[in-house]
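# Close look at the chain arrangement
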Amino acid sequence: MSLKESRWEELADIKRVLAKRDWFPGTSGNLAIKVDQQPLTFLVTASGKDKTKESNEDFLLVDKDGKPVENTHLKPSAETLLHVEVYNKTNAGCSLHVHTIDNNVISELYGDKGRITFKGQEIIKAYGLWEEDAEFTIPIIHNHAYIPKLAAEFGEYVKEDAGAVLIRNHGITVWGRNALEAKKYLEASEFLFSYHLKLLAYQSIK
Ligand SMILES: CSC[C@@H](O)[C@@H](O)C(=O)COP(=O)(O)O
Ligand SMILES: [Zn+2]
């Protein structure tokens, strides 16, 4: 199996799992996985597809500018430039973007603050933070309609090989050194969002 084929399988596995969780409502969401570093190429989801369906046209290979490297009728995700930021600025190997109701509500509740910080939760260890008083902060950026502007603001927070950024009333983008780490960041973030919203709801009726 070629590197491209094995990366394709890895990304298809993640897509299948996230689809089962209903994390691609209304064709939203996009996924990417690095294939080569030099020159940079990565697989990204084709734009506008129903990501709960599987086909051999789910992903296409793009270059460091997010342009297709092979002849294809497929269009790369409209948000490919955000994945470009990740692979051009870090050693990350995988980046995932999903729209969920929980991540949208959290982004609206904390959007004016520009960030949300979590602490005192065991699952923070999923971010590689093992100290008892560890904190994990997720920045929240404005949802610029013009994707190059959105990507530029997103890129300001892409400094480490793994991380997460919320886009207000839009969704979350996470990345990690490999597919497992990116998925772990995504799942930990969605766990924390859901926990936080449930806690706020119970506190409000107490
Ligand atoms: C219908 S969701 C809105 C989209 O513009 C976008 O935010 C998204 O996540 C999916 O776009 P795509 O081009 O399919 O990757
Ligand atoms: Zn999106």
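Since the model is a prediction, treat every value here as computed from it, not as a measurement.

## A closer look at the layout of surface pockets
Taken as a whole, the largest pocket spans an internal volume of roughly 300 Å³. Mapped by element, the contributors of at least two residues to the lining of the largest pocket are strand 6 (135-141), strand 7 (163-167) and helix 5 (179-205). Here the residues of the lining of the largest pocket are counted per class, giving nine nonpolar, three polar and seven charged.

## Points about the UniProt feature "domain: Class II aldolase/adducin N-terminal" (unreviewed entry) in the protein
With numbering matched to this structure, UniProt assigns "domain: Class II aldolase/adducin N-terminal" (unreviewed entry) to residues 9-197. Annotated as 31% helix and 25% strand, the span residues 9-197 places its first and last C-alpha atoms 34 Å apart.

## Regarding a nonpolar patch on the surface
Residues Ile-101, Val-105, Leu-109 and Leu-200 make up a contiguous nonpolar surface patch of roughly 360 Å² in combined accessible area. Among the elements that take part in the nonpolar patch, helix 3 (residues 101-109) stands out by supplying three residues, more than any other. Mapping Val-105 onto the fold places it in helix 3.

## Examining the site of ligand 1
Surrounding ligand 1, one finds 14 residues, the nearest of these being Ser-47, Gly-48, Lys-51, Ser-77 and Glu-79. Contact between ligand 1 and Ala-78: an oxygen atom at 2.8 Å from a main-chain N or O atom of the residue. A distance of 3.0 Å separates an oxygen atom of ligand 1 from a polar atom in the side chain of His-170. Counted by class, the shell around ligand 1 contains one nonpolar, eleven polar and two charged residues.

## Here we look at unusual backbone geometry
Backbone geometry follows two general trends: most residues other than glycine have a negative phi, and most peptide bonds adopt the trans configuration. Put simply, Gln-38 and Pro-39 share a cis peptide bond, and its omega is -5 degrees. In this structure, Asp-22 is a non-glycine residue whose phi angle is positive, near 65 degrees. Along the chain, Asp-22 falls in the loop between helix 1 (3-20) and strand 1 (30-37). At Asn-169, a position not held by glycine, the phi torsion is positive, near 50 degrees. When its relative accessible area of 42% is taken as the criterion, Asn-169 is described as partly exposed.

## What to know about the coordination of the zinc ion (ligand 2)
Here the zinc ion (ligand 2) is held by the protein donor atoms Glu-79 (OE), His-97 (NE2), His-99 (NE2) and His-170 (NE2), which lie 2.1 to 2.6 Å from it. Between consecutive donors of the zinc ion (ligand 2), the numbers of intervening residues give the motif E-x17-H-x1-H-x70-H. Residue Glu-79 is found in the loop between strand 3 (59-63) and helix 2 (80-89), and its partner His-99 is found in the loop between strand 4 (94-98) and helix 3; the two are separated by 20 residues along the sequence. Looking at Glu-79, the relative accessible area reads 12%, which means it is buried.

## Here we look at the pairing of strand 3
A large share of strand 3 lies buried, amounting to four of its five residues. Two elements, strand 2 (residues 40-45) and strand 3, share five bridges in a ladder whose sense is antiparallel. Residue pairing across strands places Phe-42 opposite Val-62, the latter belonging to strand 3.

## Quick notes on the UniProt feature "binding site: Zn(2+)" (unreviewed entry) in the protein
Mapped onto the present numbering, the UniProt feature "binding site: Zn(2+)" (unreviewed entry) falls at His-97 and His-99. For His-97, a relative accessible area of 1% puts it in the buried group. Sequence-distant contacts of His-97, that is, excluding residues within four places in its chain, are made with Gly-29, Asn-30, Leu-31, Glu-79, Ile-167, His-170, Gly-171, Ile-172 and Thr-173. You can call His-99 partly exposed: its relative accessible area is 21%. Residues in contact with His-99, not counting those within four places in the same chain, are Trp-23, Pro-25, Ser-28, Gly-29, Asn-104, His-170 and Gly-171.

What counts, and at which threshold
Throughout, a residue's number is its position along its own chain's written sequence, starting from 1. Think of it this way: whatever chain is written first is A, whatever ligand is written first is 1, and the rest follow in order. pLDDT decides what is reported in this predicted model: residues at 70 or higher carry local features, side-chain atom pairs at 80 or more are listed and counted, and totals for whole chains, interfaces and linings draw on all residues regardless. Side-chain figures throughout are based on the complete set of non-hydrogen atoms in the structure, without hydrogens or water. Cavity and pocket criteria rest on a 1 Å grid covering protein atoms alone: a 1.4 Å probe that fits but cannot get out defines a cavity, protein on both sides within 12 Å along at least 5 of 7 lines defines an open pocket, and an atom within 4 Å of a point defines a lining residue. Grid points are joined across faces, edges and corners, and a volume is the space filled by probe spheres set on the points. In this text, helices come from DSSP runs of H or I with a minimum length of four residues, and strands from runs of E with a minimum of two, each type numbered from the N-terminal end. Amino acids outside the nonpolar list (Ala, Val, Leu, Ile, Met, Phe, Trp, Tyr, Cys, Pro) and the charged list (Asp, Glu, Lys, Arg) are all regarded as polar, and Gly is one of them. UniProt positions are given in the numbering used here, feature names are shortened, and annotations may be inferred rather than shown by experiment. Exposure above 30% relative accessible area and the absence of a salt bridge qualify a residue for a patch, where like charges join within 9 Å and nonpolar side chains (Val, Leu, Ile, Met, Phe, Trp, Tyr) within 5 Å. Throughout, the Shrake-Rupley method with a 1.4 Å probe supplies accessible areas, and for residues the shown protein chains are the sole cover considered. Here, a salt bridge means any side-chain nitrogen of Lys or Arg that lies within 4 Å of a carboxyl oxygen of Asp or Glu. We call a residue near a molecule or strand whenever a single non-hydrogen atom of that residue lies within 4 Å of it. Side-chain atoms alone can form a polar contact between residues adjacent in sequence; in general such a contact is a pair of N or O atoms within 3.5 Å, and within protein one must be able to donate a hydrogen while the other accepts it. For every residue, the accessible area obtained with a 1.4 Å probe (protein chains only) is divided by the maximum for its type, and the residue is called buried under 20%, exposed over 50%, and partly exposed between those limits. We call an atom a donor if it is N, O or S and sits within 2.8 Å of the metal, or 3.2 Å for Na, K and Ca. Water is not counted, so some sites may look partial. By this definition, two strands are paired if DSSP reports at least two bridges between them. The contact rule is simple, with two residues in contact once any of their heavy atoms fall within 4.5 Å.

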